[in-house]
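Given next are the chains, with one letter for each unit.
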Amino acid sequence: MKLEIKNLSKTYSNGVKALQDVSLTIEKGMFGLLGQNGAGKSTLMRTISTLQDPDSGQINFNDINVLKKPEDLRKVLGYLPQEFGVYPNVTADELLTHIADMKGIVNKGERKDTVEALLQKVNLYDVRDKKLDGYSGGMKQRFGIAQALLGNPELIIVDEPTAGLDPMERNRFYNLLSELGEDAVVILSTHIVEDVSTLCTDMAIIGNGKVMLTGKPNEIEEAMRGKIYEVPIDRNKLTEYQEKYNVISQRFFAGKLMITVLADELPDGKFDTKKPSLEDAYFKILSEN
Ligand code: ADP
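Residues numbered from 1 in each chain as written. Predicted model: local features only at pLDDT ≥ 70, side-chain atom pairs only at ≥ 80, totals over all residues. Heavy atoms only, no water.

- The name an unreviewed UniProt entry gives the protein is ABC transporter ATP-binding protein, with Flavivirga jejuensis as the organism.
- Its UniProt record gives the protein a comment under Sequence similarities (unreviewed entry), which states: "Belongs to the ABC transporter superfamily." (UniProt positions renumbered as here; feature names shortened; annotations may be inferred.)

## Thoughts on the pattern of salt bridges
For step 1, the next point in the chain: Enumeration over the complete set of coordinates arrives at 13 salt bridges.
For step 2, the next point in the chain: As a salt-bridge pair, Arg170 and Glu194 come within 3.9 Å of each other at their nearest N and O atoms. Separated by 24 residues along the polypeptide, Arg170 in helix H6 (residues 167-180) and Glu194 in helix H7 (residues 193-199) bring together distant segments of the chain.
For step 3, the next point in the chain: Here Arg170 falls in the buried class, since its relative accessible area comes to 16%.
For step 4, the next point in the chain: With a closest N to O distance of 3.1 Å, Arg251 and Glu230 form a salt bridge. Residue Arg251 is located in strand E12 (residues 247-253), and its partner Glu230 is located in strand E11 (residues 228-233); the two are separated by 21 residues in the primary sequence.
For step 5, the next point in the chain: Its relative accessible area of 37% is what places Arg251 among the partly exposed residues.
For step 6, the next point in the chain: Using a relative accessible area of 15% as the deciding quantity, one classes Glu230 as buried. (Salt bridge = Lys/Arg side-chain N within 4 Å of Asp/Glu carboxyl O. Helix = DSSP H or I, 4+ residues; strand = E, 2+ residues; numbered from the N terminus. Buried < 20%, exposed > 50% of the residue type's maximum accessible area, 1.4 Å probe, protein only.)

## Some points on the environment of Asn60
For step 1, the next point in the chain: Here Asn60 is to be found in strand E4 (residues 56-61).
For step 2, the next point in the chain: Placed 57 residues apart in sequence, Asn60 and Leu3 show a C-alpha to C-alpha distance of 5.8 Å.
For step 3, the next point in the chain: Not counting the four nearest positions on each side in its chain, Asn60 is found in contact with Lys2, Leu3, Glu4, Asn65 and Val66. (Contact = heavy atoms within 4.5 Å.)

## Overview of unusual backbone geometry
For step 1, the next point in the chain: Phi angles above zero are rare outside glycine, and Asn123 is one such case at about 60°.
For step 2, the next point in the chain: Turning to its location among the elements, Asn123 is positioned in the loop between helix H4 (108-121) and helix H5 (137-149).
For step 3, the next point in the chain: The backbone of Asn152 shows a phi angle near 45°, a positive value even though the residue is not glycine.
For step 4, the next point in the chain: Relative to the helices and strands, Asn152 resides in the loop between H5 and strand E7 (155-159).

## Here we look at helix H1 (residues 41-48)
For step 1, the next point in the chain: Of all eight residues making up H1, seven are buried, and the element is well covered by its neighbours.
For step 2, the next point in the chain: Taken as a whole, H1 has its buried residues at Lys41, Ser42, Thr43, Leu44, Met45, Thr47 and Ile48.
For step 3, the next point in the chain: Just beyond H1, the residue with positive phi is Thr50, at close to 65°.

## Re the nonpolar core
For step 1, the next point in the chain: With 52 residues, the main nonpolar core has Leu96, Leu124, Phe143, Ile145 and Leu177 as its most contacted residues.
For step 2, the next point in the chain: When near neighbours in sequence (up to four residues on either side) are disregarded, Ile145 contacts Leu80, Val122, Val158, Phe173, Leu176, Leu177 and Leu180.
For step 3, the next point in the chain: Listed in part, the 27 residues of the second largest apolar core include Leu3, Leu73, Tyr79 and Ile187. (Core = buried A, V, L, I, M, F, W, Y, C linked by side-chain atoms within 4.5 Å.)

## Topic: the site of the ligand
For step 1, the next point in the chain: Close to the ligand lie 13 residues; Gly38, Gly40, Lys41, Ser42 and Thr43 are nearest.
For step 2, the next point in the chain: Within the backbone of Gly38, an N or O atom sits 2.6 Å from an oxygen atom of the ligand.
For step 3, the next point in the chain: Within the side chain of Lys41, a nitrogen or oxygen atom sits 2.9 Å from an oxygen atom of the ligand.
For step 4, the next point in the chain: Alone, the ligand offers 560 Å² of accessible surface; in the complex the protein occludes 64% of this.
For step 5, the next point in the chain: If one sorts the elements of the shell around the ligand by residue count, H1 sits on top with four residues. (Near = heavy atom within 4 Å. Polar contact = N/O pair within 3.5 Å; in protein donor to acceptor, adjacent residues only side chain to side chain. Areas by Shrake-Rupley, 256 points an atom, 1.4 Å probe, with all protein chains shown as cover.)

## Concerning the packing of aromatic side chains
For step 1, the next point in the chain: Applying the stated criterion across every chain yields a total of four aromatic pairs.
For step 2, the next point in the chain: Within the aromatic cluster, the residues linked to one another by ring pairs are Tyr241, Tyr245 and Phe271.
For step 3, the next point in the chain: One cation-aromatic arrangement involves Arg128 over Tyr125; the distance from NZ or CZ to the ring centre is 3.9 Å. (Phe/Tyr/Trp six-rings, centres within 6.5 Å; stacked < 30°, edge-to-face > 60°. Lys NZ or Arg CZ within 6 Å of the ring centre and 35° of its normal.)

Below, the structure is given as structure tokens:
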């Protein structure tokens, strides 16, 4: 199983270059596409999902030429868009049954079994007869996954799935997502570094429509070892430190401002060496662009 994206470009009519020569090879498992708001993630996800066309480039999934045969891709695609629909005044069971019908699962018995199994899988079986508009954000996202899994997709795309979830809901959702990569190509688009470090075996960082880095999260972290230092400072000293050092990020910690600095060796005795995190690598890339 393999998704190959080659030289994909897209400029919107207002002149925004949302994708600039994007090439990626994505294999079975969970792939994280990390980028800030406006980086081009949704444009890429919508293009792979055949909802919009690029200006140029190619996409192949196994032996499907996606841009030439969008209908073939749709048969093997499960898609959870960034804003998954309106939650109408129907129950989870009713809506999932309806979507299953539209996806071509027309045999009643088979459809009932499929819907039940999926509701069990996403842990919504006990509330299947409750109206969706009464669901919490996490429950709605789990419903979104259930509909994306209808028809056993080989390519699953989830766009910003954890935005807006509280930490408990996010954890529950991670548990569910982590199972998906076992027998499909799963692309998880997100601006949340933790989503990628928790779930993904491979990743890319995208910014201004360009691929800035690809690799395995642990290797990307490892490449930064011995280059990341931190020190707590007074808030009013920040500019001074920024002038003197390559400050890649800052955060409050126990009421002090903790700054993270990129350097080839210990800047001075006040700094501590920090074990690099994926977030440090991400901030480094952002600070360079
Ligand atoms: P992300 O999902 O990473 O936030 P998007 O793909 O939504 O990024 O957007 C990438 C860039 O393209 C942004 O600058 C955005 O404002 C612009 N953009 C997105 N959709 C459209 C559109 N339909 N028309 C014009 N510009 C768009």
